[in-house]
Amino acid sequence: MSTATEQTITLHRPRATSPAAAAPKNERWSVDAIEALFKLPFPELLYRAQTVHREHFDPTKVEFATLLSVKTGGCSEDCGYCPQSAKYDTDVKASKLMELEEVLFAARRAKDAGATRFCMGAAWREPKDRDIEKVAELVRGVKDLGLETCATLGMLKEDHAKALAEAGLDFYNHNLDTAPDFYGDIITTRVYQDRLDTLAHVRGAGVKVCSGGIVGMGESHRQRAGLIAELANLDPYPESVPINNLVRVEGTPLANQEPLDPFEFVRTIAVARITMPKARVRLSAGRQQMGDAIQALCFLAGANSIFYGDKLLTTGNPDTNADVQLLQRLGMGPAHQPPGRT
Ligand code: SAM
Ligand code: DTB
Ligand code: SF4
């Protein structure tokens, strides 16, 4: 068994093509090796993460992805973190799928504000045939605006993945959420293998995979390593890896969960960067509660994507001005300058 301290960092040449152009290839990671990375002294871990990051990306550039909840609340699943589950008494009101024009209005606004990717989320266990037809229409419309498209609709069957691919879907987001041995503590209405099957259907249809997880749900140190091992050992590993810090929402079973040490969150980003060198590692939910200094550390640890816009799905996110200013203060900027901006 190799430990992280023994492991040498493989240095790759920066690629000529865009980072998401080809599916990333894998090195196999043991949970032990990943746990050893987590245990490195903080400066050593960040140095390693930065070294890997710079081999593949410009460390001053951050991708902007905007989220829109196209179908909110009333979900039949019991995910313990989620304010959209019908099983919990939260402030979220259930609504039906948004109309095309409403979605396009939001997508145009996101593009004008500088987003390059538009991610549509629906509070479904899984979409039905008629839902897929409607979402395919949304995907075509958003794609026509010149944005990258992403959807997160729950479990996806093979034929549904193909239909979305044909409509022009670039990415599908479906998170593994946590380690296999902690999963049953958080969700009982579906199993880990369902998640892996969905990711296989997405890959099979030629859609790029966006998959990550949530930390701060009461998982152990080893279980955080276990989540990263599952993601890094997907072959190929995901092109996008959202790392969410639990947003504790009143009414959910995790509302009173003890917050995670913010440095442990930064470590999770660093370990994701080291084990999935070519992925976009997205600093996702929880930024509003995190403060500028921890976000800056996350960028130093290799995060190079954020959700951009003042709302995630149902909870708050820093407003776009705050994000632009934070990046300016750090001498950083968006990965793709929108037309007309300098
Ligand atoms: N219903 C679909 C599904 O579960 O795949 C799509 C939407 S679901 C809200 C997308 C992801 O948001 C979840 O997998 C979870 O990782 C993340 N999420 C939901 N609630 C969260 C919370 N309170 N804090 C952090 N992340 C959360
Ligand atoms: C992901 O990993 N995080 C986003 C996106 N994918 C869909 C969702 C975060 C949701 C946070 C809670 C809410 O706003 O409802
Ligand atoms: Fe439903 Fe998705 Fe929330 Fe789970 S995470 S309750 S599947 S909306």
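Reading guide: rules and limits
- Residues numbered from 1 in each chain as written.
- Chains lettered and ligands numbered in written order.
- Predicted model: local features only at pLDDT ≥ 70, side-chain atom pairs only at ≥ 80, totals over all residues.
- Heavy atoms only, no water.
- Near = heavy atom within 4 Å.
- Nonpolar A, V, L, I, M, F, W, Y, C, P; charged D, E, K, R; others polar.
- Salt bridge = Lys/Arg side-chain N within 4 Å of Asp/Glu carboxyl O.
- Helix = DSSP H or I, 4+ residues; strand = E, 2+ residues; numbered from the N terminus.
- Buried < 20%, exposed > 50% of the residue type's maximum accessible area, 1.4 Å probe, protein only.
- Polar contact = N/O pair within 3.5 Å; in protein donor to acceptor, adjacent residues only side chain to side chain.
- Areas by Shrake-Rupley, 256 points an atom, 1.4 Å probe, with all protein chains shown as cover.
- Axes fitted to C-alpha atoms, helices over the stretch in contact; angles between N-to-C directions.
- Left-handed = near helix turned anticlockwise from the far one by under 90°.
- Contact = heavy atoms within 4.5 Å.
- Phe/Tyr/Trp six-rings, centres within 6.5 Å; stacked < 30°, edge-to-face > 60°.
- Parallel < 35°, antiparallel > 145°, perpendicular 65-115°, else oblique.

Visitor: Please clarify how the site of ligand 3 should be interpreted in this entry.
Guide: Near ligand 3 the following residues occur: Cys-75, Glu-77, Cys-79, Tyr-81, Cys-82, Ser-85, Ala-123, Trp-124 and Arg-190. The class makeup of the residues in the shell around ligand 3 is six nonpolar, one polar and two charged.

Visitor: What is the right way to look at the pattern of salt bridges in this model?
Guide: Two side chains with opposite charge may pair up if their charged atoms get near one another. Going through the model one piece at a time under the given rule, you end up with 18 salt bridges. Measuring nitrogen to oxygen at the nearest pair gives 2.9 Å for the salt bridge that ties Arg-203 to Glu-239. Of the two residues, Arg-203 sits in helix 7 (residues 192-204) while Glu-239 sits in the loop between helix 8 (221-232) and strand 7 (240-245), which places them 36 residues apart along the sequence. According to the relative accessible area criterion, Arg-203 is partly exposed, its value standing at 24%. Here the residues in one salt-bridge network are Glu-63, Arg-117, Glu-148, Arg-280 and Arg-282, joined through shared partners.

Visitor: Honestly, the site of ligand 2 in this entry has me stumped. Any pointers?
Guide: Lining the immediate environment of ligand 2, one finds Leu-67, Pro-83, Thr-152, Asn-173, Asn-175, Pro-242, Asn-244, Phe-307, Leu-312, Leu-313, Thr-314 and Thr-315. Asn-173 places a polar side-chain atom, nitrogen or oxygen, 3.0 Å from a nitrogen atom of ligand 2. One of the side-chain nitrogen or oxygen atoms of Thr-315 is found 2.8 Å away from an oxygen atom of ligand 2. Compared with its free state, where it exposes 410 Å², ligand 2 has 88% of that area covered by protein. Taken together, the residues of the shell around ligand 2 sort by class into six nonpolar, six polar and no charged.

Visitor: What is the right way to look at the packing of helix 3 (residues 100-113) against helix 4 (residues 129-144) in this model?
Guide: In a packed pair of helices, the relevant descriptors are the angle between the two axes and the axis-to-axis distance. Contact pair helix 3 / helix 4: the axes reach a minimum separation of 10 Å and the direction vectors enclose 35°. In the packing of helix 3 onto helix 4, the handedness of the crossing is right-handed. Across from Leu-100, Val-103, Leu-104 and Ala-107 in helix 3, the residues of helix 4 making contact are Glu-137, Leu-138, Gly-141 and Val-142. Partitioning the contact of helix 3 with helix 4 into residue classes produces six nonpolar, one polar and one charged.

Visitor: What's the story with the environment of Pro-83 in this structure? I'm lost.
Guide: Topologically, Pro-83 is positioned in the loop between strand 1 (61-71) and helix 3. Residue class for Pro-83 comes out buried when judged on its relative accessible area of 11%. Placed 10 residues apart in sequence, Pro-83 and Gly-73 show a C-alpha to C-alpha distance of 7.6 Å. Excluding its chain neighbours within four sequence positions, the residues that come into contact with Pro-83 are Thr-90, Val-92, Val-249, Thr-252 and Thr-314.

Visitor: So what exactly am I meant to see when it comes to the packing of aromatic side chains here?
Guide: By convention here, two paired aromatic rings are described through the distance between centres and the angle between planes. For the coordinates displayed, the defined rule picks out three aromatic pairs. Considering the side-chain rings of Phe-42 and Phe-263, the 5.6 Å spacing of their centres and the 65° angle between planes classify their relative orientation as edge-to-face. Note that Phe-42 is positioned in helix 2 (residues 42-56) and Phe-263 in helix 9 (residues 262-275), a separation of 221 residues in sequence. Using a relative accessible area of 22% as the deciding quantity, one classes Phe-42 as partly exposed. Between Phe-64 and Tyr-308, the aromatic rings sit 4.0 Å apart at their centres with planes inclined by 20°, giving stacked as the arrangement. Placement of the pair is Phe-64 in strand 1 and Tyr-308 in the loop between strand 9 (305-307) and helix 12 (320-329), with a sequence separation of 244 residues. Taking relative accessible area as the criterion, Phe-64 reaches 4% and is therefore assigned buried.

Visitor: Would you take a moment to explain the packing of helix 8 against helix 9 for this structure?
Guide: Interhelical geometry of helix 8 versus helix 9 gives an angle of 30° and a closest axis separation of 10 Å. Comparing their axes, helix 9 and helix 8 come out roughly parallel. Crossing handedness for the pair helix 8 and helix 9: right-handed. The segment helix 8 lies against helix 9, with His-221, Arg-224, Ile-228 and Ala-232 engaging Glu-264, Thr-268, Val-271, Ala-272 and Thr-275. Split by residue class, the contact of helix 8 with helix 9 holds four nonpolar, three polar and two charged.

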